[in-house]
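Summary of the model geometry
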Amino acid sequence: MLLAILLEVIGSISQVGAAVGAGLAVIGAGLGIGKIGGNAVESMARQPEFASNLQTAMIIASALVEGVALFAVVVCLLIGLG
């Protein structure tokens, strides 16, 4: 009886932890992509002749950050549902 209650509590705690982890991953990705975009725009304003190179690098870096965030959210969901 006590073991069943403990397992139920641990299961609900892991679901809360997974939800918090997924939320932190999304917030971190949003901050990271915002910082990439802001710095890229600032660099384009300083040197407009390199705008195309900066835009390409910005898109690649944003895609990598978004991919890591998606991976983190999937792992958190698997932990929460498992």
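As a starting point, this report considers the structure included with it. As the structure is a prediction and not an experimental result, all values here were calculated from the model.

This part covers the nonpolar core. Counting residues in each nonpolar core, the largest one holds five residues, listed as Ala18, Ala22, Ala25, Val73 and Cys76. Elements supplying a minimum of two residues to this core: helix 1 (2-46) and helix 2 (51-81). No other element matches helix 1, which puts three residues into this core. Apart from the residues lying within four places of it in its own chain, the contact partners of Ala18 are Cys76, Ile79 and Gly80.

Taking 1.5 Å per residue, 31 residues should reach 45 Å; helix 2 reaches 44 Å between its end C-alpha atoms and fits that length. All buried positions along helix 2 are accounted for by Ser62, Ala69, Val73, Cys76 and Gly80.

Basis of the calculations
Within every chain, residues take consecutive numbers counted from 1 along the sequence as written. Confidence filtering applies because this is a predicted model: local features only for residues at pLDDT of at least 70, side-chain atom pairs given and counted only at 80 or more, and all residues used for totals across whole chains, interfaces and linings. Side-chain figures throughout are based on the complete set of non-hydrogen atoms in the structure, without hydrogens or water. Buried Ala, Val, Leu, Ile, Met, Phe, Trp, Tyr and Cys residues form a nonpolar core when they are joined through side-chain atoms within 4.5 Å. Only protein chains enter the accessibility calculation, which uses a 1.4 Å probe. A residue is then buried if its area is under 20% of the maximum for its type, exposed if over 50%, and partly exposed in between. Numbering of helices and strands runs from the N terminus; a helix is a DSSP stretch of H or I covering at least four residues, while a strand is a stretch of E covering at least two. Note on contacts: a residue pair is in contact if any heavy atoms of the two residues lie within 4.5 Å. One fewer than the residue count of a helix, multiplied by 1.5 Å, yields its expected span.

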